[in-house]
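Residues per chain, in single letters:
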Amino acid sequence: MNTKQQTIQKAVSVSGVGLHTGVSATMTFLPAPTNHGYKFQRIDLPGQPIVDADVDNVVDLSRGTTIEQSGARIHTVEHTLAALVGLQLDNVLIQLDGPEPPIMDGSSIQFIDALRDAGIEEQNATRNYFEVSEYVHYRNAEKDIEMAALPLNDYRLTVMVDYNSRVISSQHASLNDISQFPDQIASSRTFVFLHELEALYKQNLIKGGDLTNAIVIVDRDVQDGELDYLADLLHKPKVSVNKQEGILNNIKLHYPNEMARHKLLDVVGDLALIGRPIKAQILAARPGHAANVAFAKKIKKLIQKNAVNQVPQYDPTQPPVLDINRISQLLPHRYPFQMIDKIIALDENSVVGIKNVTMNEPFFPGHFPGNPVMPGVMQLEAMAQTGGILVLSTVPDPENYWPFLVGIENCRFRRNVLPGDTVIFKCEFTSPMKRGIVKMQGRGYVSNQLVCEADMIASLVKKK
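Conventions used here
- Residues numbered from 1 in each chain as written.
- Predicted model: local features only at pLDDT ≥ 70, side-chain atom pairs only at ≥ 80, totals over all residues.
- Heavy atoms only, no water.
- Salt bridge = Lys/Arg side-chain N within 4 Å of Asp/Glu carboxyl O.
- Helix = DSSP H or I, 4+ residues; strand = E, 2+ residues; numbered from the N terminus.
- Buried < 20%, exposed > 50% of the residue type's maximum accessible area, 1.4 Å probe, protein only.
- Phe/Tyr/Trp six-rings, centres within 6.5 Å; stacked < 30°, edge-to-face > 60°.
- Lys NZ or Arg CZ within 6 Å of the ring centre and 35° of its normal.

Attention now goes to the pattern of salt bridges. Two side chains carrying opposite charge are able to pair once their charged atoms lie near each other. Counted by the stated rule, this structure contains 16 salt bridges. Ionic pairing is found between Lys4 and Glu122, a salt bridge with its closest N-O pair at 3.9 Å. Here Lys4, found in strand β1 (residues 4-8), pairs with Glu122, found in strand β10 (residues 120-126); they are 118 residues apart in sequence, far enough to count as distant. In this structure, Arg189 engages Glu258 in a salt bridge whose closest nitrogen and oxygen atoms are separated by 2.8 Å. Here Arg189 is found in the loop between α3 (181-184) and β16 (191-193), whereas its partner Glu258 is found in helix α6 (residues 258-271), with 69 residues between them in sequence. Each of the two residues, Arg189 as well as Glu258, counts as buried. Overlapping salt bridges bring together Asp54, Asp56 and Lys300 as one network.

What follows concerns the packing of aromatic side chains. As enumerated under the stated definition, the model contains six aromatic pairs in all. The interplanar angle of 80° and the centroid separation of 6.4 Å between the aromatic rings of Phe191 and Phe193 together place this pair among those described as edge-to-face. Judged by its relative accessible area of 9%, Phe191 falls in the buried class. Centroid distance Phe363 to Phe364: 4.9 Å. Interplanar angle 70°. Geometry classified as edge-to-face. Among the aromatic residues, those joined into a ring-pair cluster are Tyr163, Phe191 and Phe193. If you follow Arg261 out to its NZ or CZ, it ends over the ring of Tyr255, 3.7 Å from the centre.

As structure tokens, this is what we get:
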């Protein structure tokens, strides 16, 4: 799985009719900055309102997932979101001039193709994964639906469907690596049973549905007169069915288990509404959009529960955003006051730096000899240097500026920092920069424990 955030290199558009609304629309994917996430924008409405792809914005689950915010509604978002997740894209603005993304062929593959044509661009920030750390379970006993998330340092999904149908037997589909989504899952099309078709039309749904964007499963005997009625319903001159195949117009399946694969696609798209990429093993038995969204809400609650003082994660096997050489080019500090070894995350609002504390630090011989403890002021200096990188990142020519620490408030040291410790410093802006002055909150962690914290004020001064 990717460690860096990604967006697309340029805007790209697709056009077509919406599955449920029947309204034609053009959908344009645009690049977005780090930590932007997925957002839809209704450019056909006054004020062009933004709708965050967030599970808390779900307002309807009638055969698809519909979200709404600020009076703007987006129908059937799951196939679009699945394509973004399947390409491991993090930050995309999706503009629509109508109420619903085009259904295309009923899968995600044409979105995948368009996004690939736009090109994928790596961004200078690490992906904000949520690693599921405990068993999460959802069950709907009435509908015999069950979903679970288990801890795993990866993202894998397994889906089982069983419709008690003589046409479709029990099916399973698995995705063992998210990078395989475009080739193994994305082209799996949406489907509907014949016995559901007329009811959906009467509910004012699938107005844009036809045999080019959905598989119709014939799960009962059909008379010739009824075929004429179905042809009229689907705006086709003629429809037929091979009773042995059980698919209207004898459409050829892409996979023997295409229905299970499409349900897995829906799960990927609906779980994107959690708002962060996740690491987990997902198991789903007979899932649907209502269950997917209920399950996503449970995972989001777990994220919120764990969000308080969340410790940045450090994987020393991953390349840094800035190594010591680049840090030396940006900051004027040198031995023995060069305190930061690497920067592992950097975006427009926050930075994460690493300090490896060794016994060779110049302050240990004189600071508690025989009981070496890193001085608090040096911890603060390391935190300030980390914040200095963040401050310098706000200008296009950082080599022409000095970052100065001009104020410290609410400074606390929680536990001793000793030789052998790796300190993870995180600094975040708490106010926008005004006239070269900005406020930050800084924290330092060792082994997931808070060791120091402070509110800092920094000044960005142009070199003379």
